[in-house]
Each structure stands twice: as C-alpha cells, then as structure tokens.
Amino acid sequence: MDRGAQGAPARLPSGAGRPPPRRARGPLAWLRANLFSSAFSAVATLVVATVCAGVLPGAVRWLITRAVYAPDYEACRRLAHRAACWGFVSEKHRLILFGRYPYEEQWRPLAATLLVVAALAVTAHPWAWRRWLLPAWAAVLAAFSVLMRGGLVGLSRVDPGLWGGLPLTVILTLVGVSASIPIGVALALGRRSRLPLVRAASTIYIEMVRGVPLITVLFVASFVFPLLLPQGLRLDVLARVAIGITLFQAAYMAEVVRGGLQALPRGQHEAAASLGLSWWQAQRRVILPQALALVIPSFVNSLLSTFMDTSLVTVVSMYDLTGSLRLSLGDPQWRKFFLEGYLFVGAIYFVSCLAMSRYSHWLERRLGRWARPEALRT
Amino acid sequence: MALVLASAWLARNTRQNLEARQIRSGFGFLAEPAGFDIGEGVVPYTPSDSYLWAFAAGVANTLRVAVAGIALASVLGLVVGIGRLSRNVLVRGLCTAYVEVLRNIPLILQLFAWYTVTTELLPEAATPLELAPRVYLSKGGLQFPVPVWSRGWALALGAAPLGIGSAWALFRWARARRERTGHTPQVLWPAALVAVALPVAGWLAGGAPRALDLPEVTAFNVAGGLGVTPEFLALLVGLATFTGAYIAEIVRSGILAVPHGQTEAAAAVGLSRRQILRLVVLPQALRVILPPLTSQFLNLTKNSSLAVAIGYPDLVSIANTAINQNGQALECVLIIMTVYLALNLLTALAMGYYNRRVALVER
C-alpha cells in the first residue's frame, strides 16, 4: 500500500545528509539524459554506436573517398565494387535525366525544367500569391510546352513519346495536381450537395478511385481510353497518362477540399445566406476562399505524393526519372553498377520530397496564424 | 442528364472501336484455357486451366504477399514508432532517419532496387548464404525447413484454436471475477500454458512427428524445404519496410495524442514505465491509431499491385498478361477493380467492427 496513506507524516532526512541534486546541465548531464538514462538505453547506445563505428567509415570510403567519378569503365571494373563507381552516373546522367530526348537538343528539357523549378520556387513564397500568378503560370507552362515539343520559333519537333526523365516527372506532377484541383473542388462540393443524384455520383466516384491502385487507373488510361474515343481521334500516350493521373488525383483532392469545407463553422454558411447570397455566390465568395486557404499545406502534400506517384508510369512504358534509370541500366556493360544509379535517382527524389515536406510544415506554421479554424470563429 | 448522354456516347465509341479492332467483348473468355504459366503460387495451376482460375491464382498471390506484408510492417512500424519517441538520441535519430528516407523515395524505385539487389548481389543458387542452420538465401530466393505434414501436425493444428479459446475463456473469467470481487486473479501464465499445452498435446498424441523437410544444397541449386521466390522476397521486403515507415508515424502520433497528464497520473499512481505504456498509453493511443492504420493496410494491399513491375504474378500482373493475349482490356480492368473494391469493403467492415469495440464508451 501507499506509505503516505498510513497516517504518520514521512520524516525528511536532515539537510546535511542529503546528496546534492544531480547536475541538470553540461555535457555529462546531457549524456546521462540522452544516452544512458536507463540500463536498456545504455545497451541501445552501445549497440548503435558500435554498429555505426563499424559501418560509417567503410560507407564513407565506399561512397566518397575511394569512389571513381570519371566515366572510365576500366577504372570502375578494376575497382570491382570495392568502392562506388559514380562513373556510371557521369556516363549516363543525360540519359537518366532526359530519357530518350534527342541528345543534341537536350538543352531544351534542361531549360524547360529549370524554368518550371524557378517558377515553383517563386510561387512557394506567400508574397507571390497575387492575381498575376495564374497568367504567369500559364506563360511558364506554354514556354515549357514550346521548348519541349518544338515546331515553333525554329525549334525542331520532338514527339511527346520521346520525352523522358526529370522533365516528364515534373510536368506530369504539375499537370496532375493543378488540373485535379478544380475537379476535386467540384467533387467535394458535389459530395456535400443536397441533390441526391449529384451526391451519390460524387461519392461513388471518389470512393471507387480511392479504392483501386493507381496502376489500374494507368491501365485504364493506356488500354481503355483509346477504346472510348471516337474513331479517328487519337490521344498520344503522354496526354492519356496525364489525364489518368489527374482523374486519380482528383478523388484524393476532393477529400482534401472536403476537409477544408468541414473545418468551416456553420455560421459562415448561415451568414452568407442571411446576406442574401445564392448558393453559388456563397460558395464562390465566402466558403471556398476560406476552405481552400485552410488546406494550402495539404496541396503541397498532394504535390509531393503525385511527384512520387508519377514514377508508376514506368509500368505503362513511359520513361520518367525512374524509367530512364532502368533504360540506362539496360546497357550490359554498366549494368553491374546499378546500386550507384539507384542511389543517385533515390537522392534526387529524397531531396525534392524532403524539401516539399519541410516547406509544407513551414507553410502550416506561417499560415496557422490566420487560417486556423479557431481564428475564424472569433 | 449530361452524365447519361456522355456514357451513351462513350459506349457507342467503344462498340465501334471493338468492332473495328475485331476484339470480342463479354466475360466468355474466362472459361477458356489461359495458356500462360504462373511462376509461383499457393493455388495449383497449369497453363491449361481457365482464365478464371488464373485470376483466382493471382488473387491468392496478392493476398499472400499482402497478409505477410501487413504482419511484417505492423511489427516494424510499432518498434520504429516507439523508437522515434525514445529518450535515447541515437535510437531516436536512427528511427527518424529510417522513416524520412523510406517515405521520401517512391515505392517503385525501392522495389526495383530490392529486386536488383536480390538478383544481382546475392550469391548463386549453388553457393547460397546460410542465414541460420538450413535457412538458405540466394539468387533463387529464400529456402527454409518445414515439418513434413502428418497426423501429429494435423492434431496440433486442430488443437491450437481450442487452446487459444480456453485461454480467452480464462481471461473472460478473470475479468468477470475482478468486476465482481475487485480481486484480480493472475491468469497470464496459466492462460499461456493452456494455449501452448493443448497443441503440444495434440502433437504428442499424433506420435510426436519430428521429420523435417530440409533444404539441401545441390550442385545447381537448393532443393527441398519450403521456398519463396526472389520476386516475392523483394516485394515483401519492399512493401513491409515502406509501409512500416508510415505505420511508425501513425504509432508515434497516436502515442503523442495521449495527453501527458495521463502519463503523469499513471506515474503518480505508482505504475512502472512499462506498465504505463501497456496499461494507460497504448490502449488510448490505439483509438487514434486504428483508422489511419486501416488505410495503411489497404494502401499496402493496393501497392502490392506494383508486383507487375518486378514480375511477381499478382492479380494485376496476370490481368496484364491476359490483356496482352486477348486485348479484352475493359473486362480485365473491371475484374481488377472489383477485386480491390471488394477487398476494401471487407477490410472496412472488419475494422469498423473492431473500431466499435475499442471506441470510447460514452454515456
């Protein structure tokens, strides 16, 4: 039983006999708190530290100090995997980054990608969220299209079937996310509609698409879409896949937007109605601007997941970043240095995704000040 | 109205296209022999079996990798999720690095990498790596010993539900008694004993068979025992490690969602750190964890469709082969969608039932 409950007050030892309190600051205290707080913790520390000490120096040697960087096959072969052969990446980087795009014209995908990335970087700051942003993006996408497709201003024509690597990944992501936002908004409003038919259709679409893997949707895009179109009309594979990704992403976007709509207090609807606004006016002027502002960080997360999802287009034989890496690994001579290739492409994805997720956290904190539902209620 | 018109237009286009390409429509093809081979599976299948049976074999393969993956990912996620909240910096850092790296690289790239590692870096099948006595890992996959099926094992398997049932009954009795008298009988050990002893008794009654089907290294490969192919292995490891990272985040946020006051109150009552985690924090965290966990399980099942990229014969790979053979894309895609939607519905129903059981009981 509890000793304190027995009645007699606990007698404190006299002050002289008490040990001084443990140091709460300084390196020793830090070590004790963070590495040796218990026997279990101490054992874990020792195990992890031993493994790291064993693995890290070797890893650094393999990855950096002893690695071959020049595209020199003989040097790589002599190395016999005792260190990384980044020569594979130096030799194949243009194939990995730009896929089957004609070699002499590859400055075009480079410029197009840099343009889009720069536009993204500008858009990232809330300072740029003004009216000129939409026309600016339309111009950027038009420039991207002209650079990639050619046929204008003296650029030779390049079939979209030859697009590949990073530009393909970037454009599929951008088109997928931006086109899915309006569809997602419509679906989200439809799901909350009072008309039973509209509500049922939206709900069935959203749940059905969310219930099947993206690959199925890509199969639909590459095998079924050609059957649905009237005879004589053809869509190239890039457009079909982009539509597939958009339709898939729209279902998820709808749920994101619905989250924002649900976070808005009822009072907003009632206030809009009492001002005499019609349903459409209320949605456009009152509800949607607030609901969408609430879910801006989720849009960034959608961008991130679409960026990763585009890698699946490899399955329907398009050569995005993942696919063009596989393409370059088809070279029997360099094939054995696949690990370096995967590390390189993995690093590109990792850095981009980490940047996006950090940005989304930053945005959430920054917007949190004015876009939190609690703030709206007051 | 617009919807109906649009569907009619699309249907007309489709009919014309199918006629122009001389592709049949309808599900009649399911009864015909498939003609292609399936590399592995739990369902006995030969190329002369029907398409329907081929799809069934594919579904079985999808379920096989999904169930194994879910089990592995849950364990991994729980361990890493708790590790991310560890007071030890090294453990915490390691778990954070794992989660960040795995979540920020596309799954398909990870699967390609795992598959290439299995088929390129592992030793040849004739000179396998011996992980544990008689457990061999090589380019041919993983091979391990299994007991030879006999009456003793059948009895043990039959007695296992009986043992688990009695253990459960014992717990029910202990709980009823605690609620009646306030005294908690110690039933953990007796229950564990019953649960283990009954199958063992069945095994003994069947003559205590000890014969094992041991894998043997031959001149060319590893023969005997039970094996899984490199495709299955790569897919399983890829799915489990990837989903494990997401589950770890769910576990972590679930634990953080339990107010700190609960931990302090539990400590004030005199519970040990382990007891606090087991009796106070985890049961409450479970309520927060469960809904997102369900969707992760479904995600893993859906992601198992990436098997098509590395050649594991799951439902989608088999549908892909069928489409390439007979061109009936519409029907095959419909079959895939139906199966996945059915799986989703079943999981949602099961989890809904379980969720109601652990949900907060309010007045």
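Per chain, residue numbering runs from 1 following the sequence as it is written. By the order in which they are written, chains take letters starting at A while ligands take numbers starting at 1. Given that this is a predicted model, residues contribute local features only at a pLDDT of at least 70 and side-chain atom pairs are listed and counted only at 80 or more, while totals for whole chains, interfaces and linings are drawn from all residues.

Some words on the overall build of chain A
- When helices and strands are counted, chain A shows 16 helices and one strand.
- Relative to the compact-globule value of 21 Å for 378 residues, chain A shows a C-alpha radius of gyration of 28 Å, a clear excess of over 25%.
- Viewed in the frame of its principal axes, chain A has a C-alpha envelope of about 95 × 80 × 40 Å.
- Counting across all 378 residues of chain A, residues that qualify as buried make up 33%.
- Residues are scored as being in contact if the C-beta atoms we place from backbone atoms lie within 7 Å. Partitioning the contacts of chain A with sequence separation of at least 6, the portion at a separation of at least 24 is 67%. What counts as a helix is a DSSP run of H or I of at least four residues, what counts as a strand is a run of E of at least two, and both are numbered from the N terminus. Computation of the radius of gyration draws on C-alpha atoms, with the globule rule given as 2.2 Å multiplied by the number of residues to the power 0.38. Residues with at least 20 other C-beta atoms within 10 Å of their own are called buried, those with 12 or fewer are called exposed, and the rest are partly exposed. The C-beta atoms themselves are positioned from the backbone.

Focus: the overall build of chain B
- Secondary structure assignment for chain B yields 12 helices and eight strands.
- Dimensions of chain B, computed from the C-alpha atoms along their principal axes, are close to 80 × 65 × 45 Å.
- Counting every position in chain B, which comprises 363 residues, the buried fraction comes to 33%.
- Restricting the contact set of chain B to residue pairs at least 6 apart, pairs at least 24 apart contribute 67%.

Some points on the nonpolar core
- Leu218 of chain A together with Leu111 and Leu235 of chain B are the most contacted members of the largest nonpolar core, which has 144 residues in total.
- When residues in this core are grouped by element, the largest group, 14 residues, is from helix 7 (residues 230-257) of chain B.
- Once residues lying within four places of it in the same chain are set aside, the contact partners of Leu235 of chain B are Val65, Leu111, Ser304, Ala307, Ile310 and Tyr312 of chain B. Any set of buried Ala, Val, Leu, Ile, Met, Phe, Trp, Tyr and Cys residues joined through C-beta atoms within 7 Å is what this text calls a nonpolar core.

Here we look at the environment of Ala355 of chain A
Residue and element names in this part refer to chain A.
- Note on placement: Ala355 falls in helix 15 (residues 338-371).
- By C-beta crowding, Ala355 is classed as partly exposed, having 14 other C-beta atoms within 10 Å.
- Sequence separation of Ala355 and Arg192 is 163 residues, and the distance between their C-alpha atoms is 34 Å.

Brief notes about the domain arrangement of chain A
- Boundaries of every domain are those given by an automatic assignment or by a domain database. Per the domain assignment, the segments of chain A are domain 1 (26-57) and domain 2 (92-101 + 158-377).
- Computed over C-alpha atoms only, the centres of domain 1 of chain A and domain 2 of chain A are separated by 43 Å.

Some points on the domain arrangement of chain B
- Examined at the domain level, chain B breaks down into domain 1 (36-148 + 222-341) and domain 2 (149-210).
- Centre-to-centre separation of domain 1 of chain B and domain 2 of chain B, based on C-alpha positions: 30 Å.

Some details on the environment of Ala248 of chain B
All names here are of chain B.
- Within the fold, Ala248 resides in helix 7.
- With 25 residues separating them in the primary sequence, Ala248 and Ala223 have C-alpha atoms 38 Å apart.
- Residues within four places of Ala248 in sequence aside, it is in contact with Gly77, Val80, Gly81, Arg84, Cys95 and Val99.

Considerations on the sheet that holds strand 1 (residues 129-132) of chain B
Residue and element names in this part refer to chain B.
- Only strands that DSSP links by at least two bridges are regarded as paired with each other. Read across the sheet, four strands follow the order 1-2-3-8 without closing on themselves; strand pairing throughout is antiparallel. Strands with a single pairing partner mark the edges of an open sheet, and in this sheet they are strand 1 and strand 8 (226-228). Across the sheet, the mean angle from the axis of one strand to that of its neighbour is 25 degrees, orientation sign disregarded. Convention adopted: a line fitted to C-alpha atoms gives each axis, helices being fitted over their contacting stretch, and angles between N-to-C directions are expressed from 0 to 180 degrees.

Observations regarding unusual backbone geometry
- Positive phi values are uncommon outside glycine, yet Ser317 of chain A reaches one of about 50 degrees.
- Judged by the 10 C-beta atoms lying within 10 Å of it, Ser317 of chain A falls in the exposed class.

Topic: the interface of chain B and chain A
- Counting from both sides, the interface comprises 41 residues of chain B and, opposite them, 39 residues of chain A.
- Secondary structure elements with two or more residues in the side of chain B that touches chain A: helix 1 (2-21), helix 3 (89-103), helix 4 (107-121), helix 9 (273-303), helix 10 (307-310), helix 11 (315-326) and helix 12 (329-358) of chain B.
- Classifying every residue of the side of chain B that touches chain A by side-chain character gives 27 nonpolar, 10 polar and four charged. Put simply, Ala, Val, Leu, Ile, Met, Phe, Trp, Tyr, Cys and Pro go in the nonpolar bin, Asp, Glu, Lys and Arg in the charged bin, and everything else, Gly too, in the polar bin.

Quick look at the confidence of the model for chain A
All names here are of chain A.
- Within chain A, residue pLDDT values average 84, and 91% of them lie at 70 or more.
- The predictor reports its confidence for every residue as pLDDT, a score running from 0 up to 100. The secondary-structure element of chain A with the lowest mean pLDDT is helix 16 (residues 373-377), recorded at 44, while helix 7 (residues 165-191) shows the highest, at 92.
- Confidence drops under pLDDT 50 across residues 1-7; counting only partners more than four residues distant or on other chains, this segment forms one contact.
- Across residues 371-378, where pLDDT falls below 50, the model places nine contacts with residues more than four positions away in sequence or in other chains.

Regarding the pairing of strand 1 of chain B
Residues and elements named next belong to chain B.
- Direction of pairing for strand 1 relative to strand 2 (residues 135-138): antiparallel, over a ladder of three bridges. Bridge assignment links Glu130 to a residue of strand 2, and that residue is Tyr136.
- Adjacent in sequence and paired antiparallel, strand 1 and strand 2 are bridged by two residues, among which Arg134 carries a positive phi angle near 65 degrees.

Focus: the pairing of strand 3 (residues 141-144) of chain B
Residues and elements named next belong to chain B.
- Where strand 2 meets strand 3, three bridges bridge the pair, whose relative direction is antiparallel. When the sheet's bridge partners are listed, Leu137 is paired in strand 3 with Leu142.
- With antiparallel pairing between neighbouring strands as the criterion, strand 2 and strand 3 make up a hairpin whose turn holds two residues.
- Bridging between strand 3 and strand 8 involves three bridges; their strand directions are antiparallel. Pairing of Leu142 across the sheet is with Val228, part of strand 8.

Remarks on helix 7 of chain A
- Every helix has an expected span of 1.5 Å times one less than the residues it contains. Across its 27 residues, helix 7 of chain A extends 37 Å between first and last C-alpha, which sits within 8% of the 39 Å expected from 1.5 Å per residue.
- Judged by how many residues are buried, helix 7 of chain A sits mostly within the fold: 20 of 27 residues are covered.

Re the environment of Cys85 of chain A
Residues and elements named next belong to chain A.
- Its location among the elements puts Cys85 in the loop between helix 3 (73-79) and helix 4 (87-98).
- Since 28 C-beta atoms lie within 10 Å of it, Cys85 is described here as buried.
- Each C-alpha atom of the pair Cys85 and Leu339 lies 9.1 Å from the other, and the pair is 254 residues apart in sequence.

Focus: the packing of helix 2 (residues 51-83) of chain B against helix 11 of chain B
All names here are of chain B.
- Relative orientation of the contacting elements helix 2 and helix 11 amounts to 150 degrees, with a least axis distance of 7 Å. Overall, the two elements helix 2 and helix 11 adopt an arrangement that is roughly antiparallel. For the pair helix 2 and helix 11, contact is made by Tyr51, Ala54, Phe55, Gly58, Val59 and Thr62 and by Leu315, Ser317, Ile318 and Ala322, respectively.
- For the contact of helix 2 with helix 11, the class distribution of residues is seven nonpolar, three polar and no charged. Note on angle classes: values under 35 degrees are labelled roughly parallel, values over 145 roughly antiparallel, values of 65 to 115 roughly perpendicular, and the remainder oblique.

Here we look at the confidence of the model for chain B
- Residue-level pLDDT values for chain B average 84, and 98% of them are 70 or greater.
- In the predicted complex, the global pTM is 0.84; the interface-specific ipTM is 0.84.

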